[in-house]
Each structure stands twice: as C-alpha cells, then as structure tokens.
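Examining the three-dimensional arrangement
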Amino acid sequence: MNKELTDKYDVIIGLEIHIQTNTKSKMFCSCPTGYFQKQPNTHVCPVCLGLPGALPVPNKRAIELCILMGLATNCNIANEIYFDRKHYFYPDLPKGYQISQYKDPICSDGYVEISNGQKVAIERIHQEEDVAKSTHHTEGSTGKEYTLVDYNKSSVPLIEIVTKPNITSAKDAKDYATKIRQIARYLNISDADMEKGQMRCEPNISIQEKGKWEYKDGKILPIGEYKLNPKVEVKNIGSITAVEKAIEYEVERMSAELEDGEEIKQQTRGWNAAKGITEFQRYKESADDYRYMPEPDIPVIDISKEDIERIRKEIVELPNEKIKRYMQDWDITEYAADVISSTKESAEYFEKLQKKLSESMNEKDSAKEASNWIMGPLYAIANKQGKEIADIGVNGDDLAKLIVAFKEDVFTKNKAEELLNQSIEKGLNITDEIEKLKSAKESVGSLDNIVKQVIDENTQAVTDYKSGKEASIGFLVGKVMQLTHGTANPNDVRNTLIEELKK
Ligand SMILES: [Zn+2]
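No experiment lies behind these values; they were computed from the predicted model shown.

1. What to know about the overall build of the protein chain
What the protein chain contains, in helices and strands, is 16 helices and 18 strands. Relative to the globule expectation of 23 Å for 503 residues, the C-alpha radius of gyration of the protein chain, 31 Å, shows a markedly less compact shape. The principal-axis extent of the C-alpha atoms belonging to the protein chain is close to 95 × 60 × 55 Å. Pairs at least 24 apart in sequence give 69% of the contacts found in the protein chain among residues at least 6 apart.

In structure tokens form, the structure reads like this:
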C-alpha cells in the first residue's frame, strides 16, 4: 500500500500453521511415519485406511510433542484430552472424518515474542491427524482425468497452531512463522520442512479503516456503525518467504478493491508462486459445517502435573533467549545474535567456539571474535557450499587455534583466512600449519633485519620511493610479507620500512 492507503487502512492477520510432528509411528496406529519417497500405500493398516471396526489408539509421543510445543509457546496445558470427529468428504480422508480437537485443544492462550518485541497471541494448539496425499493426472490417449491417492501420509500426527488476529504486517507474519519453525526444530518437535509439507502456513487477512475497529478479547470488533471487511484465507503457501509475499499481494489487492468502491467478499484464495499472485478458489459465505462430535472410540486422557513437568524438561534454551543473552552478556549485535541463533547447530557451534577462545582471552572478546569469524569467513564458505556452518567441516577447536594465533600476531588476518580456506579446499591441517608458520617466523629472524635485506635487494623501488613515488612502498611491503610468509603485521612492516628509509 502507498502512504495514502497505509494512513487509511490497518492490516489484520491471523495465521494457522500445521506441523507434522516427529514420531516413529502414526497418530492412531503403529504404521511408520517416514513416507517421503516411499512406495505409495505401503505404510497402511486397517486403522489409517479407515476400515470398519478398526480402533484408533492415540500416540503418546505425539501428544507429548504437542504439549512441548504448547509449553515452548507459553500456553496453558489442558489436564484432560478429548478428541473429536471433524466430518468432511474427500477421497483423502478414508473414514469420512478426521480425528481432531474442537472445543478443548490441548494447549491454549499462549504467545510467541517476535523480533519487534510484540507478543503474537496464540489462541490454541490442537492435535489432529494428517490426510492422505492426492495427485491429479490426465490419461495421455483419452485425456481422461483421474486422481491417485497415497495413504502413507494418512494419519501422520499433525498439530495446528492458531494465532489470534493480532499480527499487523506481512513482515511480522513471516517473522512469527520463522520463530515457530525455529522452536519446532530446536526442540525436535518437527523438521518443519515446508517443501516436504511438514509445515504449512495459512494466513487470513483483512484490512479495516483506521479508528473504526478495536481488538478486544482476541477478536476484531467494529466501532459504532462500521461494517467490518471480511477476511480472506490464503492456501498453498510453500515457503516462509511466500507467506510474506502472499500477504503483501492480498493487502494490495484488497485495498485497491476498496478504493474502487467494491465490496470484499469472504473467500479462500491460493498462492501461485510462479506468478507471484493469489488466485480465487471459492467463496465462503458461512462457516463450514463439519458436524463435530466427540470421538467415541478414544477415552479421555488424563494429563498430570508430573507429566507436564517431565515434558518441560525437554525444553532447551530457545532462539529468543539466546539472542537476549548474547546481546546482554557479550555485546553481540542483534543482527549477528539473530543469524547465529537461527539454527540450533549454528548456535552450538558459536557457543563451543566462544568457550574454547575464552581460554585465551576474556569472555566478551572471545564472543566477539567467534561472532565475527562466523558472520564473516565462515558464512562466506557456507554460502559458497550451500551448507550450514556446522556442516562445512571446520573443526571449532582448530578455528579457535587459528584465531588465537592471529590475535597473537603469528600472522595476518588475510593469512588466517587463507589458511582456513586451504584447510577446507586442500585438507590442510590447521594446527600443523600454525606450527610451521610459527617456526618459519622464528627462523626468518627479526623484522628489522628482513626490512634491511629488502631495502638492499630492491634499489630501484627504494630510489623511486625517495624521489617521491610513495606508491612503491607497497611493493616493498609485499616483498617483506613474502619473506615472512605472511606472519608479519603489514602495518608494522610499513612503519619499519618508512623508518628505515628515512635513515
Ligand atoms: Zn496404519
């Protein structure tokens, strides 16, 4: 929206996120969950095929992971768990209903703090089961259309995390989704890979005139005679970046419609990533009637305080806490703290490197050095290789030795980075190389002597410098650096040369 429109309208976003949780077996049977690239319809049994008479048995671990997600997002945890049947009729749902939760979700009233400090309110997190996978095909010779259904995905444990409508920009929605994915990954709740469908985001978006609505008890209410604009749901979003893009697109589209005097209709749209647009799918005039009813085949499950405390022990320090600690204790910039803590592996790498470095320097310096090297050379290498920092094959202890040697002026930063690259490209052993350079430095003797030698051997450059061509000092510095195998400090070399040339 342009300035004129952002002054006129507020953006209101709620987000529904589905996450498949990491369990070995499905939600209500013992079929294995890992269906990626497996032969279709090989992970099935009478329960997940919905055959008559088959009885569901809830997966304890799945429920624990749902509770874990709730604890990590500051939710209240129910002490009794009820399941409900949600009816709809699609071939991907063999029972004709999905086992889900309606009135009483396992987790409720939580929040996640996003980067701008806002606490995004979570209304509920409930447990349900995934549906089967349908693929649509056309027969080559006849053009006849048909659908194939793979039930391997049917009944894989799924949690749904629903926010209240209190996200106010596309950027914040993206940030919130990123935080949720980080929590799921840090706690091994899910790999949350959106490309594999392990995490799915469905925003609902509305725009309202400023000053004519209020947010009360988790709801958007009109003020006075104002008629709220309905919300639009967007589906088929395949990445977190696309969450932001799809919302931005919808905000533009809806504000343009309102400005044209048109009425926005409540509808579901699909994100078309190739075109970068949302496309109309269907109007939604009333709430879907799923004819919810209590699931009669699953008795109520009691959750004790002890259960909850036992699950709470699985919580590790999460990105938001790490960011605060890095900034407060070590003066790391917010940007660096955010990048470093974006994955658990990268944060662990950083913390190990910091600890090792702290044996040779003070706490803050060790953290600063670790952060600078990770944000600089290490990320450059990782990006080049298309890998995570923890996977590029640089041992943290070796890197610490390299940083300490550079800080002790054994060699320059350029030389240190060169060594780091060579250790990856040529498999050089960093410790051995440091030792070699240390002894080379000792054997070449004092800097004064090398400087004198270089002056003696390069009379033309010396004459040039003395006649006013100051650039030739660079040539002489280079010669000295060569003789010292890059172990001298270039500034020291330059200063020593200038002093010597004055004589
Ligand atoms: Zn099964």
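2. Observations regarding the domain arrangement of the protein chain
Domain annotation for the protein chain reports domain 1 (3–309), domain 2 (319–443) and domain 3 (447–502). Taken over C-alpha atoms, the centre of domain 1 sits 67 Å from the centre of domain 3.

3. Description of the pairing of strand E10 (residues 157–163)
With 5 of 7 residues buried, E10 lies mostly within the body of the structure. Where strand E1 (residues 9–20) and E10 come together, 5 bridges link them in antiparallel fashion. Residue pairing in the sheet places Ile-17 in a bridge with Ile-161 of E10. Pairing of strand E7 (residues 119–129) with E10, which is carried by 7 bridges, proceeds in the antiparallel orientation. Counted as the bridge partner of Ile-122 is Thr-163 from E10.

4. Some remarks on the sheet that holds strand E14 (residues 232–235)
Read across the open sheet, the 9 strands follow the order E2-E6-E7-E10-E1-E11-E14-E15-E16; overall the sheet is mixed. Because the sheet does not close on itself, it has two edges, and the strands there are strand E2 (76–77) and strand E16 (277–283). Sheet topology places strand E15 (residues 267–272) next to E16; 6 bridges connect them, and they run antiparallel. Following the sheet pairing, Asn-272 is matched in E16 by Ile-277. Packing of helix H4 (residues 240–259) onto the sheet brings it into contact with E1, strand E11 (199–209), E14, E15 and E16, and relative to E11 it is tilted by some 25°.

5. Here's the deal with the environment of Val-454
The residue Val-454 is located in helix H13 (residues 447–457) in this model. Take Val-454: there are 23 C-beta atoms within 10 Å of it, and that puts it in the buried class. Each residue touching Val-454, except ones within four places of it in the same chain, is listed here: Leu-476, Lys-479, Val-480 and Leu-483.

6. Points about helix H2 (residues 60–72)
The end-to-end C-alpha distance of H2 is 18 Å, a good match for the 18 Å that 13 residues give at a rise of 1.5 Å each. Most of H2 sits inside the fold, with 10 of its 13 residues counted as buried. Residues of H2 that are buried: Ala-62, Ile-63, Leu-65, Cys-66, Ile-67, Leu-68, Met-69, Gly-70, Leu-71 and Ala-72. Immediately beyond the C-terminal end of H2, within one or two residues, lies Asn-74, with a positive phi of roughly 60°.

Calculation rules
- Residues numbered from 1 in each chain as written.
- Predicted model: local features only at pLDDT ≥ 70, side-chain atom pairs only at ≥ 80, totals over all residues.
- Helix = DSSP H or I, 4+ residues; strand = E, 2+ residues; numbered from the N terminus.
- Rg over C-alpha atoms; globule rule 2.2 N^0.38 Å.
- Contact = placed C-beta atoms within 7 Å.
- Domains from an automatic or database assignment.
- Buried ≥ 20, exposed ≤ 12 C-beta atoms within 10 Å, placed from the backbone.
- Pairing = 2+ DSSP bridges.
- Axes fitted to C-alpha atoms, helices over the stretch in contact; angles between N-to-C directions.
- Expected span 1.5 Å × (residues − 1).

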